[in-house]
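# Overview (structure and organization)
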Amino acid sequence: MIEVKNVSMCFHMSPDRIQSLKEYLVTLAKRKLKYKEFWALENVSFSVRPGEVLGIIGRNGAGKSTVLKVISGILKPTEGSVSVRGNIVPMLELGSGFDFDLTGRENVYLNGAILGYSQRFLDEKYDEIVDFSELGEFIGMPIRNYSSGMMMRLAFSIATVVNPEILIVDEILAVGDEAFQRKSRKRMLELMSGGTTVLFVSHDLEQIRQMCDRVLWLDHGQVKMIGETKEVCDAYQI
Amino acid sequence: MKIKWNLQKGCLATLAAYIVLAAFFYWIGGEQLRTRVDIDESISPSASVGEILSDTVLEQPFYAHCDRLTDFSVFAGTFGRSNGGILSVDLYVQDPQGGKELAEHFSVDMAQIQDSDWLNLRLTQPLENAIGRSFLLEISSKDSSLGNAVTLYYGSSIAAGRVEVKSADWIPLRINGQPLEGTLCLEVTGVTDLWFGHYYWYIFTGLGVLLALYCWRLCLLQKKGKVCLGLKLLAAFSRYRFLIHQLVSRDFKTKYKRSVLGVLWSFLNPLLTMLVQYVVFSTIFKSDIPNFPVYLLTGIVLFNFFSEACGMGITSILGNASLITKVYVPKYIYPVTRVISSGINLLLSLLPLLLVILFTHTPVRPAILLLPFSLACLLCFCIGMVLILSSLMVFFRDTQFLWNVLSMIWLYVTPIFYPEIIIPAQFMTIYKMNPMYHFIRFARTVVIDGISPEPKAYLICLIFAVGGLVIGGLVFRKVQDKFVLFI
């Protein structure tokens, strides 16, 4: 399903980011156009079988989010290759495709299209999305009038309506008030246990132990350990 | 299974559309596809030969640059009075041995000749095989008398923009055998056959067969489950159609969201621009362009689209940075949708153009149906430009400011509110490198003259459109993977 082979990801870090042509030419003329290389991932290889839930753990800056971005195609690896079969729904950040001047309804379609849903699918699921978000009649209002909680509820409802083949989750999202948080957590767990392939990044080891079949431990951009959940978690906790 | 069926149906539809369009095009294109009218511009009139009296014989040899000679004009003057008598004009065909053969004889009543105007003489039968042959014009008058005769003008320089340039290869005018310092003001009009029209049906069949073969190949590859560029494009189109539709409708909805007149601005904007420029250029600066309102508005509508698409498209990658770093969507979607949004605006602004066409009583001929060709070429060119600009913008934020200056220069080097003849001839080659010049000229020929442009114009537009698109696409593809690191 997902095959990550010898992936390395290198970022060029220049001391100050060059954003104008003048700066570029000046630094080029001074021959100071040197980058500091930073390898966010080094020679990472693993594979995920269909239906498997793979947990990814590691410290801050270990490369967890970079791995997810490489798999979802946002970043292109400097070396190595990634092959993915099946449609991916990334749940990295909610509501990034919202347009504040449009109504809730229009945003459901816009955001759905960005996430790769088809028109027919959205037509079918539209009522379900609105019901879940508990927005009611507010759905016809421009979302610049929404409270932040309302916005997050709508975004969550759109993102989780799918039944994707591959789901990428960067921390379990729990938004809104307490009741909605419980509801959304339940929805996430349902999605993750529903036979889809899940890549799951979390700092909550308890959740990882509960949910995952296998765990990948990343440390400074390298695979420290991959294997059975219990083994890896125990090793990580020491 | 369903997609397979769709592809076959799509291929058949494409082929059918091709046949219908090609036949339709032959009908609309008409005479302009088969022949080209050549006009050999005249020398500027600078001096008169004096009254043409009974003992005066003017001799002007000239060469034809067209296949068939149809008519010619000379610049005449009457000294502001009405004259009597007959002006006889003889057109001879000269052979290399020095002999000459009368081709046609014209007798013009001098009373009919207008002062300081062109006297047009049309051959009863077009003279075939004229190209490269030498002709002789002999003008005399048997029964005119002093104070009762007309004159003709001659000169030695041609107008090129604001300056007069000495004409290079001229054959002197002879008056009673004496050569003068200049040539007769003579405008020769002829018709040249074009191979394109001649072989139209062969070209049509050839392209049709190629198209059919390609469709067949696509179907075959799909059956085998292989991919190629065409199939990939089709798949991408069907997959991202809904997204493009959503993004375009977002652009459109948010553009006029909080304005009172809303979508009406799409009509009003070009109309008001035209009105201002019309007032400025038809009263303050005199311009003698025929049908100036339509001339102006065609230019404005097309150029507005270009500058809007590029101006908005330049930030299309940066503006969607939050999406690009979070969700995977092919990045070209953003620039392309931006141009399509502007394209819809362009379609809306064609409505005021239509209004002005009706209002100025410009005759509407079938050739106006060729306008979409020019618009489609412009659209492709814009997509190419926006792909380049938006990717440059990611790396250098100066691009935006540079582009502001550049688009202003571009506006002035495109004949929007001035006629192209004011451009000096020596700069014309550089001037014609501007793609906008060709797109706008194409649109004007179709709208104002109501005829199809010559086949060369199609080719030039097509080259600029495809060239722009391909270069833009290649640049974009090369740098798109680095976008995420810079935004």
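In this text the structure is predicted, and so the values were computed from the model without any measurement.

### Remarks on the packing of aromatic side chains
Two aromatic rings are characterised by how far apart their centres lie and by the angle between their planes. If you walk through the whole model with that rule in mind, you get 37 aromatic pairs over all chains. Between B:Phe306 and B:Phe381, the aromatic rings sit 6.1 Å apart at their centres with planes inclined by 20°, giving stacked as the arrangement. With B:Phe306 in helix α7 (residues 292-313) and B:Phe381 in helix α11 (residues 371-395), this pair connects stretches of sequence that are 75 residues apart. The same class applies to B:Phe306 as to B:Phe381, namely buried. Following the ring pairs from residue to residue traces out a cluster consisting of B:Tyr18, B:Phe25, B:Tyr26, B:Trp195, B:Phe196, B:Tyr200, B:Trp201, B:Phe204, B:Phe373, B:Phe442 and B:Tyr458. One cation-aromatic arrangement involves A:Arg105 over A:Tyr126; the distance from NZ or CZ to the ring centre is 4.8 Å. Of note, B:Arg444 hangs over the ring of B:Tyr295, and the distance from its end group to the ring centre comes to 3.5 Å.

### Concerning the sheet that holds strand β4 (residues 79-84) of chain A
Residues and elements named next belong to chain A. Read from one edge to the other, the open sheet built from 3 strands follows the order β2-β1-β4, with strand pairing classed as antiparallel. Single-partner strands in this sheet number two, and they are β2 (36-48) and β4. Averaged over all neighbouring strand pairs, the angle between strand axes comes to 25°, with direction disregarded. In this sheet, β2 lies alongside strand β1 (residues 2-13) in antiparallel orientation, the contact comprising 9 bridges. Paired with Cys-10 across the bridge in β2 is Trp-39.

### Re the pairing of strand β3 (residues 53-57) of chain A
Residue and element names in this part refer to chain A. For β3, the buried fraction is high: 5 of the 5 residues fall into the buried class. Burial of β3 is two-sided: the residues Val-53, Gly-55 and Ile-57 facing one way and the residues Leu-54 and Ile-56 facing the other way are all buried. Bridge analysis of β3 against strand β7 (residues 197-201) gives 4 bridges, and the strand direction is parallel. Bridged to Ile-56 within β7 is Val-201. The pairing of β3 with strand β8 (residues 214-219) spans 4 bridges and is parallel. Residue pairing across strands places Ile-56 opposite Leu-216, the latter belonging to β8.

Conventions used here
Residues numbered from 1 in each chain as written. Chains lettered and ligands numbered in written order. Predicted model: local features only at pLDDT ≥ 70, side-chain atom pairs only at ≥ 80, totals over all residues. Heavy atoms only, no water. Phe/Tyr/Trp six-rings, centres within 6.5 Å; stacked < 30°, edge-to-face > 60°. Helix = DSSP H or I, 4+ residues; strand = E, 2+ residues; numbered from the N terminus. Buried < 20%, exposed > 50% of the residue type's maximum accessible area, 1.4 Å probe, protein only. Lys NZ or Arg CZ within 6 Å of the ring centre and 35° of its normal. Pairing = 2+ DSSP bridges. Axes fitted to C-alpha atoms, helices over the stretch in contact; angles between N-to-C directions.

So, to be careful, I would describe these as geometric facts and stop short of saying anything about function.
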